Amino acid sequence: MTSSAETPTQDGAVADAAKGNWVDARAPAAWRPYLRLMRADRPIGVWLLVIPGWIAIALAAEGAPDLQLILLFFIGAIVMRGAGCAVNDIVDRNIDAEVARTRSRPLPSGQISLMQALVFTAALCVVGLAVLLQLNRTAILTGFAALGLIAAYPFMKRITALPQAWLGLNMSYGALLGWAAAAGEIPSAAWALYASGVLWTVGYDTIYAHQDREDDALLGVGSSALLFGRRTGEWLVALYAGAVLFAALAGLLTGAGPAWFLGVAAFSIHLAWQVRALDIDDGGECLRLFKSNRDAGLILVVGAAADGLIRLA
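In what follows, the accompanying structure is described. (Residues numbered from 1 in each chain as written. Predicted model: local features only at pLDDT ≥ 70, side-chain atom pairs only at ≥ 80, totals over all residues. Heavy atoms only, no water.)

Focus on the overall build of the protein
1) Next: A count of helices and strands for the protein gives 18 helices and zero strands.
2) Next: The C-alpha radius of gyration of the protein comes to 19 Å, within 12% of the 20 Å expected for a compact globule of 313 residues.
3) Next: Counting only C-alpha atoms and orienting by the principal axes, one finds that the protein spans roughly 55 × 45 × 35 Å.
4) Next: Counting the 313 residues in the protein, one finds 54% classified as buried. (Helix = DSSP H or I, 4+ residues; strand = E, 2+ residues; numbered from the N terminus. Rg over C-alpha atoms; globule rule 2.2 N^0.38 Å. Buried < 20%, exposed > 50% of the residue type's maximum accessible area, 1.4 Å probe, protein only.)

Below you can see the structure in the form of structure tokens.
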């Protein structure tokens, strides 16, 4: 398998971050370990976390989506994705030290101490709580209900062969939170959108996990890349087909118009391209396809927002 990462590059740079990213190139040196801990050097995770919430906000709107909610969810995604990555690194610091792609991360490489990581994570959680408290009561309660999912995720690779499913429950939770924030309720359409996001996440994170499958096998931790193996393409077809069908169902349940369904169709074409282009033995290609899911998700955001604006007109 071709790996995109072996060792740190320069000045503590993390091996699997893009060379010349803004953290390595522009951030003050003292900030860099903390920004790396929260994965600010690779913003794809923020996009993938915020997109389900944005879709829900747009679909739940009577017309144009609430721009204040859009901004709050973006800020929340930055800090909570950062906190989630930090918790994951704290729990996995010994495993990360044994994996080529992750041993250069701030904790296993010694850029910051465990105590520093814990304090920084707590600070991120305080900011996330402040954002959550700006929402309505239903959304606040929905947000607190996710704490168990978030806390359990770092341990899933130790007890299940499919930790990507638990990741999907976390990454797609914005579908429920966004609908609650926009409409004050969580109808069946929100649950359909959530199911779509979970299946989509399992698919795209399986692609990502193929970068580490050899290390994961040696360490004895669970991964959908190991579980699916050479049948990954077949599993992706099933997972992505389910994601598309549930997205369409969400639109039907909420009475969405043609713009949403055109977005779903374009989304399905993008996912089909991923399956066709995938080479599980090429780590660089796996990373490229994984990152392309930002664009796949934004297609749905545009479809949902366009549908609301058309209804407003």
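Here the narrative resumes, following the displayed structure.
Notes on the packing of helix 12 (residues 188–209) against helix 15 (residues 232–254)
1) Next: Between helix 12 and helix 15, the shortest axis-to-axis distance is 8 Å and the interhelical angle comes to 160 degrees. For the element pair helix 12 / helix 15, the angle class is roughly antiparallel. Of the two elements, helix 12 crosses helix 15, and the hand of that crossing is left-handed.
2) Next: When the residues that make up the contact of helix 12 with helix 15 are grouped by side-chain class, the tally is 18 nonpolar, seven polar and no charged. (Axes fitted to C-alpha atoms, helices over the stretch in contact; angles between N-to-C directions. Parallel < 35°, antiparallel > 145°, perpendicular 65-115°, else oblique. Left-handed = near helix turned anticlockwise from the far one by under 90°. Nonpolar A, V, L, I, M, F, W, Y, C, P; charged D, E, K, R; others polar.)

A word on unusual backbone geometry
Excluding glycine, residues mostly carry a negative phi; peptide bonds, for their part, are mostly trans.
1) Next: The phi dihedral of R39 is positive, around 60 degrees, even though this residue is not glycine.
2) Next: Looking at where R39 falls in the secondary structure, it is placed in the loop between helix 2 (32–37) and helix 3 (44–60).

Describing helix 12
1) Next: Given a rise of 1.5 Å per residue, 22 residues ought to cover 32 Å, and the 31 Å separating the end C-alpha atoms of helix 12 matches this to within 8%.
2) Next: By the criterion of burial, helix 12 is predominantly enclosed, with 18 of the 22 residues buried. (Expected span 1.5 Å × (residues − 1).)

What about a nonpolar patch on the surface?
1) Next: A surface patch of nonpolar side chains, amounting to about 500 Å² of accessible area, comprises M80, L129, L133, F144, L147 and I150.
2) Next: With respect to the helices, strands and loops of the structure, M80 is situated in helix 4 (residues 67–91).
3) Next: Judged by its relative accessible area of 31%, M80 is partly exposed. (Patch = residues over 30% accessible without salt bridge, like charges linked within 9 Å, V, L, I, M, F, W, Y side chains within 5 Å. Areas by Shrake-Rupley, 256 points an atom, 1.4 Å probe, with all protein chains shown as cover. Salt bridge = Lys/Arg side-chain N within 4 Å of Asp/Glu carboxyl O.)

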